[in-house]
Amino acid sequence: MRYGQLREPAFGVARSVQYAPQTLRKVTGCPLPTMAPYAAMDETHISIEQVSFSRGDRLIFDGISMEIPRGRITAIMGPSGTGKTTLLRLIGGQLVPDSGRVLVNGLEVASLSRRRLYELRKRMGMLFQSGALLTDLSVFENVAFPLREHSRMPEDMIRDMVLMKLQAVGLRGATELMPAELSGGMARRVALARSIVLDPEMIMYDEPFTGLDPITMGTIVTLIKRLNRALGITSLLVSHDVEETLSIADHVILISAGKVVEAGLPAELAASASPWVQQFIQGLPDGPVPFHYPAPDPLEQFLGGDHA
Amino acid sequence: MLDLFAGLGAATLSALQRTGRGFIFLLRTLAGVPLLLARPGLLVKELFSTGVQSLLIILVSGLFVGMVLGLQGYVTLSKFGAEESLGVMVALSLVRELGPVVTALLFAGRAGSALTAEIGLMKSTEQLSGMEMMAVDPIHRVIAPRLTAGFIAMPILAALFSAVGILGGYLVGVGLLGVDAGSFMSQMQAGVDWRIDVLNGVIKSIAFGFVVTWIAVFEGYDAVPTSEGVSQATTRTVVHSALAVLALDFVLTGLMFT
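Residues numbered from 1 in each chain as written. Chains lettered and ligands numbered in written order. Predicted model: local features only at pLDDT ≥ 70, side-chain atom pairs only at ≥ 80, totals over all residues. Heavy atoms only, no water.

Caption draft 1: Expanded view of the overall build of chain A. The helix and strand inventory of chain A stands at 11 helices and 10 strands. Scored against the burial criterion, the 308 residues of chain A give a buried share of 54%. Partitioning the intrachain contacts of chain A with sequence separation of at least 6 by distance along the chain shows that 64% fall at a separation of at least 24. Surface summary for chain A: the accessible area is close to 14,100 Å², and the carbon and sulfur share equals 53%. (Helix = DSSP H or I, 4+ residues; strand = E, 2+ residues; numbered from the N terminus. Buried < 20%, exposed > 50% of the residue type's maximum accessible area, 1.4 Å probe, protein only. Contact = heavy atoms within 4.5 Å. Areas by Shrake-Rupley, 256 points an atom, 1.4 Å probe, with all protein chains shown as cover.)

Shown next, in the form of structure tokens:
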């Protein structure tokens with residue numbers, strides 16, 4: 001698909017409206033994102049170099065480094081509380097690392113001025129775990145929100161764009177609903193439509209599968225995969241749902257205790273000799289990560305009658 | 001003993017940090033106010049929820065406060081045979097003090113708490129964070145219209161409170177207790193000075209509106225993003241606003257009327 005051509009055959013949407021790139025640029029006033037399908041697929045999009053970050057006394061990342069390739073689905077996995085969401089916020093510039101660098105398109109995020117950071121964010125989409133929909137706006141207005149804020153599009157073009165994105169997530173019929181009337185899965189799909197409405201180069205998904213029923217989960221998995229394959233958007237997926245994540249990821253990075261434990265293709269991880277990796281992937285209750293929280297000797301504690 | 005000093009020091013530092021954050025937040029918000037000229041719709045929407053939706057409580061309270069003033073004033077003034085001065089007493093009490101102060105307290109309870117809860121919940125449900133990631137500054141998009149709306153609405157509400165209060169005093173004094181209507185109105189007209197009384201009252205209500213709205217939006221934006229955090233922030237808005245209004249009233253009254 002050429003950029004500026006508002007057709008999404010991958011989603012079965014036959015659009016009659018097409019806009020030339022220069023018309024779209026003139027009307028929207030938005031910078032045109034690089035079309036990922038034409039970009040080198042193994043080019044690094046996001047680079048994290050020796051990043052350390054702590055909250056209060058708690059060290060979350062201890063000199064962590066990784067590279068996220070352009071146009072691929074990269075999954076960042078790890079147990080709860082390992083800082084996966086924090087990593088997304090560091091990439092989005094909502095948090096600043098204590099040391100090290102986060103580079104997006106070669107730009108160091110923490111050193112950007114507010115105006116340049118916002119320019120960069122226009123090319124990033126983010127799907128929050130909660131959806132983060134604006135509760136006082138309808139589904140239509142939520143999806144239209146970034147367009148209204150960042151462009152001077154005429155109303156009929158906004159309508160076309162919004163309906164097209166809602167069609168992509170299967171919710172074209174839900175335009176008038178308010179966020180309070182949506183199920184968790186629907187809210188996440190609306191949020192997904194909103195995150196792609198500016199045609200971003202990359203999307204960050206924060207725990208997109210958490211709390212969903214199997215059908216909705218399957219829908220979200222399919223949508224993430226289709227968005228990536230059809231539009232070539234760099235997809236950064238943070239999750240601890242092993243099966244769903246491994247089924248669509250091109251590249252997986254496992255993190256724990258502030259460091260990268262293992263990285264590679266899903267098949268490589270499945271075949272890993274590391275007991276920790278095997279425990280995580282297979283969801284075993286006991287292993288290198290013990291089932292029991294550290295406690296005194298059971299005999300001593302049970303017979304001693306002491307809680308501590 | 002050392003712990004006591006350490007605790008005091010930590011509390012002082014925390015209070016200073018918070019005050020600093022409040023001022024930086026205010027400056028960033030004020031920088032976003034001119035942008036509202038390009039999008040007046042945002043301001044109109046907030047004026048409706050902050051001002052229009054506070055009207056009922058303000059008007060009803062104003063009426064009752066005026067009626068109580070009429071009753072109390074009549075009882076006291078009639079001891080000295082000065083019940084004809086009821087109009088000026090009611091009007092001065094309302095325009096100089098009760099109008100701005102009571103309106104500000106009611107405004108903090110009605111609109112201020114709602115502002116804090118709304119912004120705090122937007123924070124806890126990641127709506128503000130989501131806006132930031134969509135390259136929309138939530139301070140300009142969410143906070144600036146609300147601060148400006150509070151700033152505009154409060155003096156108007158205070159003026160309406162005073163007007164309705166005078167009407168309440170008139171109804172009780174003239175309608176119920178038999179004070180002469182002509183004396184009520186003429187003494188009020190002669191005794192209330194436009195610049196000293198009315199204008200100073202308006203200045204007070206502008207100052208109170210600014211402080212109450214600032215506290216409300218800052219508490220919401222700075223709230224811990226949990227249900228308990230939002231609840232505590234809402235309580236702080238009402239308490240801090242009430243204390244700030246009363247303290248500021250003392251200072252302003254000292255500057256204006258002495």
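Caption draft 2: Layout of the overall build of chain B. For chain B, the helix and strand inventory stands at 9 helices and 0 strands. Along the longest, intermediate and shortest principal axes, the C-alpha atoms of chain B span 65 × 55 × 30 Å. Split into buried and exposed, the 258 residues of chain B put 45% on the buried side. For chain B, restricting intrachain contacts to residue pairs at least 6 apart in sequence, the fraction spanning at least 24 positions comes to 84%. Carbon and sulfur atoms make up 74% of the accessible area of chain B, which totals about 12,100 Å². If the 14 positive side-chain charges of chain B are averaged to one point and the 16 negative ones to another, these points end up 6 Å apart. (Lys, Arg positive; Asp, Glu negative; His and termini not counted. Charge placed at Lys NZ, Arg CZ, Asp CG, Glu CD.)

Caption draft 3: Main features of the environment of L199 of chain B. All names here are of chain B. Within the secondary structure, L199 is located in helix α8 (residues 194–221). The exposure class of L199 is partly exposed, given its relative accessible area of 36%. Counting along the chain gives 104 residues from L199 to V95, while the straight-line C-alpha distance between them is 9.0 Å.

Caption draft 4: Fine view of the interface of chain A and chain B. At the junction of the two partners, chain A supplies 23 residues and chain B supplies 18 residues. For the pair chain A and chain B, the summed buried surface comes to about 1,800 Å²; carbon and sulfur atoms form 53% of the total. When the buried area of chain A at its contact with chain B is split by residue, Y118, F145 and E149 of chain A rank highest and sum to 26% of it. Between chain A and chain B we count 5 salt bridges in total. With a shortest N-O distance of 2.7 Å, E149 of chain A and R141 of chain B are connected by a salt bridge. Those elements that place two or more of their residues in the side of chain A that touches chain B are α3 (114–121), β6 (124–127) and α4 (139–150) of chain A. Looking at which element gives the most residues to the side of chain A that touches chain B, the answer is α4 of chain A, with 4 residues. (Buried area = accessible area lost by both parts, 1.4 Å probe. Salt bridge = Lys/Arg side-chain N within 4 Å of Asp/Glu carboxyl O.)

Caption draft 5: Main features of the sheet that holds strand β3 (residues 73–77) of chain A. All names here are of chain A. With mixed pairing, 6 strands are arranged side by side in an open sheet as β6-β7-β8-β3-β9-β10. A strand with exactly one partner marks an edge of an open sheet, and here the two such strands are β6 and β10 (259–264). On average, each strand axis in the sheet is tilted by 15° relative to the strand beside it, whichever way the strands run. Summarising the sheet, β3 and strand β8 (residues 234–239) pair through 5 bridges and their orientation is parallel. Of the residues in β8, the one forming a bridge with M77 is S239. In the packing of helix α6 (residues 184–195) onto the sheet, the strands contacted are β6 and β7 (202–206), and the crossing angle to β6 comes to about 175°. (Pairing = 2+ DSSP bridges. Axes fitted to C-alpha atoms, helices over the stretch in contact; angles between N-to-C directions.)

Caption draft 6: View of the layout of surface pockets. In this structure, the largest pocket occupies an estimated 680 Å³ of space. Of all the elements in the fold, those that place two or more residues in the lining of the largest pocket are α3 of chain A together with α4 (86–124) and α5 (127–133) of chain B. Of the residues belonging to the lining of the largest pocket, the class tally is 11 nonpolar, 5 polar and 10 charged. The space that makes up the second largest pocket amounts to roughly 480 Å³. For the second largest pocket, the lining is made up of 20 residues, of which E149 of chain A together with L35, R39, V136 and H140 of chain B are closest to its centre. Among the elements of the structure, α3 and α4 of chain A together with α6 (138–176) of chain B are those that each provide at least two residues to the lining of the second largest pocket. A class-by-class count of the residues in the lining of the second largest pocket yields 7 nonpolar, 5 polar and 8 charged. (1 Å grid on protein atoms, 1.4 Å probe; cavity = no way out; pocket = protein on both sides within 12 Å on 5 of 7 lines; lining within 4 Å. Points joined across faces, edges and corners; volume = space filled by probe spheres on them. Nonpolar A, V, L, I, M, F, W, Y, C, P; charged D, E, K, R; others polar.)

Caption draft 7: A look at unusual backbone geometry. All names here are of chain A. The backbone phi angle of E207 is positive, close to 45°, even though this residue is not glycine. Structurally, the position occupied by E207 is in the loop between β7 and α7 (214–231). By relative accessible area, E207 is classed as buried at 6%. Positive phi is not limited to glycine here, since A257 has a value of about 50°. With respect to the helices and strands, A257 occurs in the loop between β9 (251–256) and β10.

Caption draft 8: Layout of the pattern of salt bridges. The tally for this structure, following the rule as stated, stands at 27 salt bridges over all chains. Salt bridges linked by common partners bring R18, R21, E219, D222 and R236 of chain B together as one network.

Caption draft 9: Expanded view of the packing of aromatic side chains. All names here are of chain B. Within the structure shown, the criterion is met by 7 aromatic pairs over all chains. Judged by centre distance (5.2 Å) and plane angle (35°), the ring pair of F25 and Y221 falls under tilted. On the criterion of sequence distance, the pair formed by F25 in helix α1 (residues 2–32) and Y221 in helix α8 is long-range, its members being 196 residues apart. Given the relative accessible area of 5%, F25 is considered buried. (Phe/Tyr/Trp six-rings, centres within 6.5 Å; stacked < 30°, edge-to-face > 60°.)

Caption draft 10: Layout of the packing of α6 of chain B against α8 of chain B. Residue and element names in this part refer to chain B. The contact between α6 and α8 brings their axes to 8 Å, and the two run at 150°. On the basis of their axis angle, the class for α6 and α8 is roughly antiparallel. Considering the relative orientation of α6 and α8, their crossing is right-handed. For the pair α6 and α8, contact is made by P138, I139, I143, R146, L147, G150, F151, M154, P155 and A158 and by S205, I206, F208, G209, F210, T213, W214, V217 and Y221, respectively. Tallied by class, the residues present in the contact of α6 with α8 amount to 14 nonpolar, 4 polar and 1 charged. (Parallel < 35°, antiparallel > 145°, perpendicular 65-115°, else oblique. Left-handed = near helix turned anticlockwise from the far one by under 90°.)

Caption draft 11: Geometry of the side chain of S151 of chain A. Looking at the element boundaries, S151 of chain A is found in the loop between α4 and α5 (155–168). Within the structure, the side chain of S151 of chain A is placed 2.5 Å from the backbone oxygen of L147 of chain A, a separation counted as a polar contact. (Polar contact = N/O pair within 3.5 Å; in protein donor to acceptor, adjacent residues only side chain to side chain.)

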